[in-house]
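What follows is the residue order along each chain.
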Amino acid sequence: MAREIVLDTETTGFDPRTGDRMIEVGCIEIDDLLPTGRTFHRLIHPERDIPAGAIAVHGITLEKLHGAPKFAEVAADLLEFIGDAPVIAHNASFDRAFINHELGLCGQLLIEEARWIDTLQMAQMRFPGMANSLDALCRRFKISLTERTLHGALIDARLLSDVYLELKGGKARSLELVAHSDEAGGPDGPRRHGARPTPLSPRLTEAELQAHAAFVAAELGDQALWLKAGAGA
């Protein structure tokens with residue numbers, strides 16, 4: 001596993017070929033399926049109106065985008081954040097169409113199709129015949145939707161990063177990766193911890209030690225495993 005980018009967009013409509021534009025993009029960086037804490041989020045002025053139907057979905061009006069940059073002004077920063085990482089999106093063909101349309105309009109290189117990972121296709125293979133929207137998957141995996149009253153690119157990217165983790169094997173897989181990372185250590189092999197520079201002070205009193213030794217001698221005798229392990233020394 002390696003660095004990946006979970007991405008979501010909000011738009012004025014469904015098809016950039018008919019004039020629809022992107023108005024928000026949100027990205028979450030993950031490494032070995034774990035969020036790193038790095039995010040990318042921009043509101044974008046679409047240079048056109050926003051239909052009422054789209055506003056009902058994401059709540060973003062043209063007034064809210066007053067003073068927001070145009071896509072050409074954020075394209076370089078977005079591409080720098082994504083780098084050469086795979087891009088994860090739900091119904092990736094939709095987000096890819098808008099991202100690449102906007103990149104093409106400002107003369108930037110497109111993100112090739114082979115780099116995109118579609119979580120909708122992953123979910124359809126795992127849950128054939130079932131509802132596999134982002135909301136449905138969040139409910140299926142018991143991922144909280146309390147902060148999501150409307151669609152939002154960064155909120156949806158955060159939810160999708162949790163869904164992607166579950167589709168790749170769930171939290172047990174995440175814990176396994178963390179454990180392996182801890183065991184792997186650096187170039188010299190697994191991490192080893194030597195003796196403490198300053199030993200911890202004893203927590204047992206002398207009377208308690210003597211009482212325990214008397215118990216072992218009286219009840220367990222010379223063959224006590226406690227003594228063979230050296231714990232009674």
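Residues numbered from 1 in each chain as written. Predicted model: local features only at pLDDT ≥ 70, side-chain atom pairs only at ≥ 80, totals over all residues. Heavy atoms only, no water.

Comments concerning the overall build of the protein
A count of helical and extended segments in the protein gives nine helices and five strands. Along its sequence from the N terminus, the protein presents helices and strands in the succession β-β-β-α-α-β-α-β-α-α-α-α-α-α. Counting every position in the protein, which comprises 233 residues, the buried fraction comes to 37%. For the protein, contacts bridging at least 24 residues in sequence account for 63% of all contacts bridging at least 6. With the model as given, the accessible surface of the protein reaches about 14000 Å², and the carbon-plus-sulfur share is 55%. (Helix = DSSP H or I, 4+ residues; strand = E, 2+ residues; numbered from the N terminus. Buried < 20%, exposed > 50% of the residue type's maximum accessible area, 1.4 Å probe, protein only. Contact = heavy atoms within 4.5 Å. Areas by Shrake-Rupley, 256 points an atom, 1.4 Å probe, with all protein chains shown as cover.)

Some words on the packing of helix H2 (residues 71-82) against helix H3 (residues 92-105)
For the pair H2 and H3, interaxial distance at closest approach is 10 Å and the crossing angle is 115°. Taken together, H2 and H3 sit at an angle that is classed as roughly perpendicular. Pair H2 / H3 crosses with left-handed handedness. Counting all contacts with H2, which are made through Phe71, Ala75, Leu78 and Leu79, the residues of H3 involved are Ile99, Glu102 and Leu103. (Axes fitted to C-alpha atoms, helices over the stretch in contact; angles between N-to-C directions. Parallel < 35°, antiparallel > 145°, perpendicular 65-115°, else oblique. Left-handed = near helix turned anticlockwise from the far one by under 90°.)

A closer look at the sheet that holds strand S4 (residues 87-89)
A sheet is described by the order of its strands in space; here five strands give the open sequence S3-S2-S1-S4-S5, paired in mixed fashion. Of all the strands in the sheet, the pair left with one neighbour each is strand S3 (34-43) and strand S5 (116-118). Across the sheet, the mean angle separating the axes of adjacent strands is 25° when strand polarity is ignored. Across nine bridges, strand S1 (residues 3-11) lies against strand S2 (residues 22-31) in antiparallel orientation. Bridge assignment links Arg3 to a residue of S2, and that residue is Asp31. Contacts from H2 reach S1, S2, S3 and S4 within the one sheet, and its direction differs from that of S3 by about 170°. Along the sheet, helix H4 (residues 119-126) contacts S4 and S5; its crossing angle with S5, the most-contacted strand, is approximately 35°. (Pairing = 2+ DSSP bridges.)

Some words on the layout of surface pockets
Put simply, the largest pocket is a space of about 500 Å³. In terms of lining, the largest pocket is formed by 20 residues, of which the most central are Asp8, Thr9, Glu10, Phe94 and His151. Those elements giving two or more residues to the lining of the largest pocket turn out to be S1, helix H1 (52-58), H3 and helix H5 (134-140). Its residues assigned to classes, the lining of the largest pocket shows six nonpolar, eight polar and six charged. (1 Å grid on protein atoms, 1.4 Å probe; cavity = no way out; pocket = protein on both sides within 12 Å on 5 of 7 lines; lining within 4 Å. Points joined across faces, edges and corners; volume = space filled by probe spheres on them. Nonpolar A, V, L, I, M, F, W, Y, C, P; charged D, E, K, R; others polar.)

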